[in-house]
Structure formats: structure tokens, C-alpha cells
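For reference, the chains in residue letters:
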Amino acid sequence: MKHCKLIALLGAAALLSATFISCGGSSAESNGIDSIALSTASGEEGNIKKIRPKETVTLDVYSQLANYSGLQTGWFADLMLAKFNVKINIIPETGGAYQTRMEAGNLGDIVVWGDNTDKYSSACKKGMLLDWEEDNMIQKWAPYINNNMKLALQKNKFMDSPDKKLHGYGFNVSASAKDIQEFFYTWDLRYDLYEKIGKPEINTLYDMVDVLAKMKEVCPTDDNGNPTYGVSLFNDWDGNMVMYVKALATAYFGYDEFDIGLYDPDTGKFYGALDKDGPYLYCLKFLNKLNQKGLVDPDSMTQKYNGMAEDYQNGTAFWNVFNWMASGCYNSDTHVKEQGKAMYPVTPKDARPIVYGQSVYGGNRVWTVGSKTAYPELCLAIINWFSTPEGYMTIEYGPRGYCWDIKDGKTYFTEIGKKAQQDQNNTEMPAPFKGSFHDGAFQINNTTWCKDSHNPLTTNETYNKTSWASEQTPAQSEIEQAWRDWSGAETPNRYMQKTNYRVSPGSLYTGAGIPDDLSMKWNQVTECLKNETWNAIYAKNDAEYENIVNNMIKNCKSYGYDECIAHSLKQAEKRAAAEKQARSADK
């Protein structure tokens, strides 16, 4: 489960200078952190001392996934300084950052891609990314990656990269192709309020309208006395479609987001976003029904991620299909243990939530190094450390020995680690660190291993805390026990495993990106689709809703929607073939 991180998008990235790496300051002095920072076995990392700069270096990390701009702070910054003598300056994808940096001829030192399609391909073709095999750099400075992610590396070289050079690997790599990931489309609902209104049956999505309306009747205000709503949304993650509309379709129908539509992993069928009886418009209509009942936060159309997260922290909204937006924000000790309030999964009986299969090939969010960096070995060594078991665990849970540790092959949280899992913002880190756990949260916002993959430092445990023997405990509160009794499951993940879920298997499919001759039409179509989707959500009645949707369909088609969908249909056929091959390989 992801944690609720209130990481703000701080506006446009700083103006580019002629050089993207700045040096300054003296070498990091011993501050009590060195023993942790240097604890990973040298055989996994190469000889870091040989490339560790004497003077502190600031590395630019251009991350298309980041929700943060500026220097990494807190305990993670302290570890990076002690281990590598570097500061990390994070540059998000805002204000045309990609185009600006491409034109400048330098993407940055470490480059993290939101996907492996057109922008990534363009960077490969223009020589903007480091070849990891040049001078055997991967063997020398990324030995753990080289030895343990071979299939993910091969996929990047031979399938993702048009120049057939090795530039990195995609996120969420698994050690096994047969396992599924943890559910994160979990349909979290304020269970205390669900009990209060009598736990009515939720057979279909539209049954949720009356449930949320009744919850608002019994709980009209949040922790701060502000009005409550059924759901709170935000707009800064909208891509080809409005994020929450397509995500709701994924959570309900089990169809995965795919270009300007959704894809059924069972049948390989593609549904265009504007199909009259399709999943996107079905879920859009539902959200409009909520709005007509006063159950959609009116700030949703304009607020960003932080505003939404604060709503769930404060109990402003009662329901969300994402666990890390809902229970991950709301279920603090204060709410759960002191007040008997909590969010837990309650799915409609006919829902078919998606769960993703693990992939030994990794995903589409790619770790790379910029070709113009003055520190290619150092950048590789840093990504390699992120990819070691201890590096992954540090990014996810904090420094070893302070927040977590392993004894006799079993992982456990320290007292500080337990507190951080409940409340990052108010958990102060112990000396030698300063600030809260949240202050040091990893801001690059990409992963290396799949969280549900086996952790080789343990005996039969994964990186996911829900698999740890130490976390298999009795209910910690009366409200948790009440949910367990109702659901017949000890954990949310086990409850979700009892649903009629769909599996989207990991495969070698790589999206082709948007063809150049379709790019302008694609942008016009998606902008129209997103703008009119928001307008439709806020329609005051059915007649206004239908008018907006009909105009949206008409206008999108005038911009070239049908041509875009024709491209997506061809890509869906390729994905279906790759997934069929993946399923056959697992038998």
C-alpha cells in the first residue's frame, strides 16, 4: 500500500542553466549515519568509495513521476549524502520540462520516465540517454541490477529502446512471473458510518449513491466542521482521460487504462472512452449522479493531489477506490483506536476489480541516466542501490535499524517504524536524523522491485509489510474487528482475493506511442475529452449532462477521435497477443 504523502507540486521547474550539475560544499563528514549508509554488501554495489566524490555534488533527477520540485530533504537526503556524498535536486514534469530539456540537449543526470513510449523513444534516438553497457559500466557500477534483473534489462534493450542499446529498466520488477501484486483498487469506505446506516447491500455501483447519501445524513461535517461528501477528486493526474473516471472503470469492470479507453485483459477487447454503452461513460454518469446529490467535493475540478489527500485525512470524503488515497490517509491511530472510525474495503457484489500480475520484465516507468551527466558511474551506482533489497526497503520504510530490521529471516518494524506507518507527518525521526518521517519521504516517485516480490534477505517474506509474520496480528481496534467479522477476512488484501477480480498479466507488450502524424489530433481529442468530462461531472441535471456528453462526442470526433481509436485497436491486438504468450509461458 502506498502511504498518504502530502507532496505538493511546487510549480514550474527552475530555469535551466548551461550545465545541469552543480558542485559545491565539502565532503560529508561523519554524522552517525555512515554505518547505516554503508551497510549494504559491497558485492552488490561495486566499489563505491572509488567513485564517491570528494566534494558534495548536486545531481539533477528529472522525474516525470514526481509530485515535488527541489532538493530531496530529511532522512533520505542524509543517507544519500553519507553514502554517495550527493544532494538530489528533483525536477518534475511541469511547465513543458521535457521539451525544454530536450531542446537544451541535456535531460539531467538521472532520468525517470512516466512511460516507455514516444518521449522515451525520442530521447533514445537523439542520444540523450546513457548506454549502460558502454565500458562495462553496468557490471562495474550496477552489479546487483546486472545479476538479478536480466530479463528486465533485455526487454529495455531489445524491445523498449529503438536504438537497441541498454538504457535502463522498467519499474516493479518481479522475481517470479506467477504471482500477483497486492490489490490497490480496494473500494475503501467509511466502515463506521456503513455500520451506522445498517450495512445495506451494495450489489451494483449505483447502489453506492444511496449509501453515500445516507452517510452524509448521519455525518454532515468532517473533523474540522466542514461539509462532508461522498468522494473528493483532483485534476493533476489526468492523462488521456480524467484519471478518476477511468480508474473507477478499472476498479469496477476490471478493464485497464489503455490509450483513450479501457482494455479487457480477459478477452483483449478495447472500449473507446466515448463508446455509448462503454465503461468510461458508465462511470462518468455515476459520478454525475453523486454530484446531483451533493456528494462530490465541489473543489474536485480545480484542486490538486494535496487538497484531495487533506480531505481524506480530515474525513471530508467517505469513499475512494484507491486504498492509499483512502485508508492510507484516514486510518490514523486517532481515528481508528481512539474514535472507532476507519476506512475498509466494501466492494459492490458485481464489481470485478483489477489486480496486476507480477512481471519479471518490469513495467513502463523506466530508470535511466542522462548521456550528458558528468557522473555516469555515480548515477548508475545510485540506481543500483535503489535496486538492492536494502535500498528498496529503505525507500519504502525508512532506514534499517531505525524504522525496520530483519531477525532470523523475519522482518519487523521498530517502534518508530510502526508510528511512521500510521502517521508520517507527526512521526519525528530519532537522532542522528532530523525532522519527521514525511520530511524525508522519497520524492522521485518510482519503484525498483515489485512490492509483492520475494525479499531475498528474508525467509519466505515479500517486500510488502502485509506478508510479514510480525504484521499478522489480532485486530488492533474494535472497528477493525467489526470489519473482519463482517468481511470474513483478516486483511483487506485477503478480502479482495475473495472478490471476482480480473488479473492483468505481466507481459512483453510495449506501447507504440502516438504516431507523429496523429499527435496533434490526439492532443486535441484528449484535451476536449478531459475538459468536457469535468463539465459533465458537474452537470446540474440529466438533461444538462446528456447535452454535455453529446457535445463532447461530437467535438472529439471532429478533432479525429475515430483515427485515434483505430490506432488503439491495433495496439490492443498486440497487447492481447503478448498477454496470451505470457499466460502460456506460466502453464
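A. Quick peek at the overall build of the protein chain. Within the protein chain one finds 24 helices and 17 strands. Scaling as 2.2 N^0.38, a compact globule of 587 residues should have a C-alpha radius of gyration of about 25 Å, and the protein chain matches this with 24 Å. Counting over 587 residues, the protein chain shows a buried share of 57%. Sequence-distant contacts in the protein chain: of pairs separated by 6 or more residues, those separated by 24 or more amount to 77%. Only carbon and sulfur atoms are counted for the fraction: they give 48% of the accessible area of the protein chain, which is about 23,600 Å². Taking the average place of the 60 positive charges on the side chains of the protein chain and the average place of its 73 negative ones, the gap between the two points comes to 3 Å.

B. Region of interest: the side chain of T228. Inspection of the secondary structure puts T228 in the loop between α11 (207-218) and α12 (243-253). The exposure class of T228 is buried, given its relative accessible area of 0%. In this structure the side chain of T228 is engaged in a polar contact, spanning 2.6 Å, whose partner is the backbone oxygen of C219. Beyond its immediate stretch of four places on either side in the chain, T228 contacts K216, C219, P220, T221, D222, G315, T316 and F318.

C. Fine view of the sheet that holds strand β10 (residues 270-272). One open sheet accounts for 3 strands, arranged β8-β9-β10; its pairing is antiparallel. The sheet terminates laterally at β8 (256-257) and β10, the two strands that pair on one side only. Strand direction decides the pairing type here: strand β9 (residues 261-263) and β10, joined by 3 bridges, are antiparallel. When the bridges of β10 are listed, Y263 appears paired with F270.

D. Structural detail: the environment of F84. Along the polypeptide, F84 turns up in helix α4 (residues 74-84). For F84, a relative accessible area of 0% gives the class buried. The residues contacting F84, other than those within four sequence positions of it, are I48, R52, P53, L378, A381, I382 and W385.

E. Local environment of the pattern of salt bridges. Applying the stated criterion across every chain, the model contains 24 salt bridges. Where E45 meets K83, a salt bridge forms, and the shortest distance between an N and an O atom there is 3.3 Å. Placement of the pair is E45 in helix α2 (residues 42-45) and K83 in helix α4, with a sequence separation of 38 residues. Take E45: its relative accessible area is 4%, and that puts it in the buried class. Among the residues examined, K83 registers a relative accessible area of 2% and is labelled buried. The salt bridge partner of K451 is E396, with a shortest N-O separation of 3.0 Å. Remark: E396 occurs in helix α18 (residues 389-397) and K451 occurs in the loop between α19 (415-422) and α20 (478-487); sequence separation between them is 55 residues. Among the residues examined, K451 registers a relative accessible area of 13% and is labelled buried.

F. Structural view of the nonpolar core. Grouped together as the largest cluster of nonpolar side chains are 98 residues, with contacts concentrated most on W187, L189, L248, L290 and W319. Sort the elements by how many residues they give to this core and α12 lands first, with 8 residues.

G. Quick peek at the confidence of the model for the protein chain. Confidence in the prediction for the protein chain averages 92 pLDDT; 92% of positions are at 70 or higher. Ignoring residues within four places in sequence, the model shows residues 5-30, a span with pLDDT below 50, making 64 contacts including any to other chains.

H. Examining the packing of aromatic side chains more closely. Counted according to the given criterion, the structure contains 48 aromatic pairs. Look at F76 and F386: their rings are 6.1 Å apart centre to centre, the planes differ by 45°, and that puts the pair in the tilted class. Here the residue F76 occupies a position in helix α4, and F386 occupies one in helix α17 (residues 376-387), the gap between them amounting to 310 residues. Residue classification places F386 among the buried positions, given a relative accessible area of 1%. Between the aromatic rings of Y402 and F433, the centroid separation amounts to 5.2 Å while the plane-to-plane angle is 80°, which identifies the pairing as edge-to-face. Highlighted residues: Y402 in the loop between α18 and β15 (404-407) and F433 in the loop between α19 and α20, separated in sequence by 31 residues.

I. Examining the pairing of strand β14 (residues 366-369) more closely. Neither face of β14 is open: one carries V366 and T368, the other W367 and V369, and all of them are buried. Across 3 bridges, strand β6 (residues 168-170) lies against β14 in antiparallel orientation. The residue bridging G168 from the neighbouring strand is T368, located in β14.

J. Representation of the environment of N89. Here N89 is to be found in strand β4 (residues 86-92). C-alpha of N89 to C-alpha of D256: the two residues are 167 residues apart in sequence and 33 Å apart in space. Excluding residues that lie within four positions of it along the chain, N89 makes contacts with T58, L59, D60, V61, G70 and L71.

Cut-off values and rules
- Residues numbered from 1 in each chain as written.
- Predicted model: local features only at pLDDT ≥ 70, side-chain atom pairs only at ≥ 80, totals over all residues.
- Heavy atoms only, no water.
- Helix = DSSP H or I, 4+ residues; strand = E, 2+ residues; numbered from the N terminus.
- Rg over C-alpha atoms; globule rule 2.2 N^0.38 Å.
- Buried < 20%, exposed > 50% of the residue type's maximum accessible area, 1.4 Å probe, protein only.
- Contact = heavy atoms within 4.5 Å.
- Areas by Shrake-Rupley, 256 points an atom, 1.4 Å probe, with all protein chains shown as cover.
- Lys, Arg positive; Asp, Glu negative; His and termini not counted.
- Charge placed at Lys NZ, Arg CZ, Asp CG, Glu CD.
- Polar contact = N/O pair within 3.5 Å; in protein donor to acceptor, adjacent residues only side chain to side chain.
- Pairing = 2+ DSSP bridges.
- Salt bridge = Lys/Arg side-chain N within 4 Å of Asp/Glu carboxyl O.
- Core = buried A, V, L, I, M, F, W, Y, C linked by side-chain atoms within 4.5 Å.
- pLDDT = per-residue confidence, 0-100.
- Phe/Tyr/Trp six-rings, centres within 6.5 Å; stacked < 30°, edge-to-face > 60°.

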